[in-house]
Amino acid sequence: MGIREEQKLFDESNLFLEARIKALAKVDAQRATREDIFVAEAVAFRVYRGYERFARALFLHSCATTQTRNGQRIISKLKCADWSTTERILKAGNRFLNWGKPETTKKLAELVFQNGFPISDVISPVYSTLVDLQRIRNFIAHDSSEARSGFDKAGQKYLRTGSPVPDSAGLLLLSRKYPRRAQAIRQIFRKVAALSKIYSQL
């Protein structure tokens, strides 16, 4: 697939996820069922997976082209004919690249592209939210002290000061800092979904 197809897939997936998030908006975290918690975690996992795939596509595309969709020049140390060649070079013997870790993607962009453009320009506006999403995803996927520590750091941003971070990612995602504020899952989703618009404006 090319970048246009990947962007379309990202946007279509986000439309589907937004419908699930709207349904979750009716759920009070204090009265959440096991099913509500499961759905919230599943949605977060899919949001993360969508971001990971889109970040990969943007990076590989930027290494195989000379300008953005709006004509801004991309200056890269790595020019390849296609995505698969680019990915093989970037892996440099490693089994995989961690596109879901915004810190790694941003650092790699600074090495490959002049001033990290366009990757840093897409990721930077929502960087802290992407880090939160990664930490929440890691807590869903892994049972470790490291995952718990990262989850606690992310959770504190979505709860009132002094409130304990719940033991469940689903409960955190369904939580609201204030009664009229959007749930954590909706706040995270809105910023991640905005990556497509940010990219289109470059």
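To keep things clear, this report deals only with the structure shown in the data block. Predicted model, so just to flag it, every value in this text is computed and none were measured.

About the thresholds
Residues numbered from 1 in each chain as written. Predicted model: local features only at pLDDT ≥ 70, side-chain atom pairs only at ≥ 80, totals over all residues. Heavy atoms only, no water. Helix = DSSP H or I, 4+ residues; strand = E, 2+ residues; numbered from the N terminus. Rg over C-alpha atoms; globule rule 2.2 N^0.38 Å. Contact = heavy atoms within 4.5 Å. Areas by Shrake-Rupley, 256 points an atom, 1.4 Å probe, with all protein chains shown as cover. Lys, Arg positive; Asp, Glu negative; His and termini not counted. Charge placed at Lys NZ, Arg CZ, Asp CG, Glu CD. 1 Å grid on protein atoms, 1.4 Å probe; cavity = no way out; pocket = protein on both sides within 12 Å on 5 of 7 lines; lining within 4 Å. Points joined across faces, edges and corners; volume = space filled by probe spheres on them. Nonpolar A, V, L, I, M, F, W, Y, C, P; charged D, E, K, R; others polar. Axes fitted to C-alpha atoms, helices over the stretch in contact; angles between N-to-C directions. Parallel < 35°, antiparallel > 145°, perpendicular 65-115°, else oblique. Left-handed = near helix turned anticlockwise from the far one by under 90°. Salt bridge = Lys/Arg side-chain N within 4 Å of Asp/Glu carboxyl O. Buried < 20%, exposed > 50% of the residue type's maximum accessible area, 1.4 Å probe, protein only. Polar contact = N/O pair within 3.5 Å; in protein donor to acceptor, adjacent residues only side chain to side chain.

Of regular secondary structure, the chain possesses 10 helices and 0 strands. Starting at the N terminus, the α and β elements of the chain follow one another as α-α-α-α-α-α-α-α-α-α. Scaling as 2.2 N^0.38, a compact globule of 202 residues should have a C-alpha radius of gyration of about 17 Å, and the chain matches this with 18 Å. Overall, the chain is about 55 × 35 × 25 Å in size when its C-alpha atoms are taken along their principal axes. Of all intrachain contacts in the chain linking residues separated by at least 6 positions in sequence, the fraction that spans at least 24 positions is 63%. Total accessible area on the chain is roughly 11,100 Å²; 49% of this is exposed by carbon and sulfur atoms. Side-chain charges in the chain split into 35 positive and 20 negative, and the spacing between the mean points of these groups amounts to 4 Å.

We now examine unusual backbone geometry. Residues phenylalanine 117 and proline 118 are joined by a peptide bond in cis, for which omega reads 10 degrees. With respect to the helices and strands, proline 118 occurs in the loop between helix H4 (102-112) and helix H5 (119-123). Although it is not a glycine, asparagine 115 sits at a positive phi angle of roughly 60 degrees. Counting through the fold element by element, asparagine 115 comes out in the loop between H4 and H5.

This brings us to empty space enclosed by the protein. One pass over the structure, following the stated rule, counts 1 cavity of 30 Å³ or more. Considering only enclosed or pocket space, the largest cavity measures out at about 30 Å³ in volume. Every residue along the wall of the largest cavity is listed here: His61, Ser62, Thr65, Gln67, Thr68, Arg69, Ile74, Pro118 and Tyr199. Its residues placed into classes, the lining of the largest cavity shows 3 nonpolar, 5 polar and 1 charged.

It is the contact of helix H2 (residues 34-63) with helix H6 (residues 127-141), at a shortest axis distance of 10 Å, that shows an interaxial angle of 125 degrees. The orientation of H2 relative to H6 falls into the category oblique. Where H2 crosses over H6, the handedness of that crossing is left-handed. Of the residues in H6, those in contact with Glu41, Ala44, Phe45, Val47, Tyr48 and Tyr51 of H2 are Leu130, Leu133, Gln134, Arg137, Ile140 and Ala141. Residue composition of the contact of H2 with H6, by class: 9 nonpolar, 1 polar and 2 charged.

Another aspect to go through is the pattern of salt bridges. Taken as a whole and judged by the stated rule, the model has 10 salt bridges. The residue arginine 56 makes a salt bridge to glutamate 87 at a minimum N-O spacing of 2.8 Å. Placement of arginine 56 in helix H2 and of glutamate 87 in helix H3 (residues 83-91) is noted, with a sequence separation of 31 residues between them. Aspartate 167 is the partner of arginine 148 in a salt bridge, and the nearest nitrogen-oxygen pair spans 3.0 Å. With arginine 148 in helix H7 (residues 145-155) and aspartate 167 in the loop between H7 and helix H8 (169-174), the pair connects residues that are 19 residues apart, well separated along the chain.

Summarising the element assignment, cysteine 80 is placed in the loop between H2 and H3. A relative accessible area of 11% places cysteine 80 in the buried class. The spatial distance from the C-alpha of cysteine 80 to the C-alpha of asparagine 98 is 20 Å, given a sequence separation of 18 residues.

The next thing to look at is the side chain of serine 196. Following the sequence through the fold, serine 196 ends up in helix H10 (residues 195-200). Within polar-contact distance, the side chain of serine 196 engages the side chain of glutamine 7 at 2.9 Å. Non-local contacts of serine 196, meaning those with residues more than four positions away in its chain, are made with Gln7, Phe10, Asp11 and Phe54.

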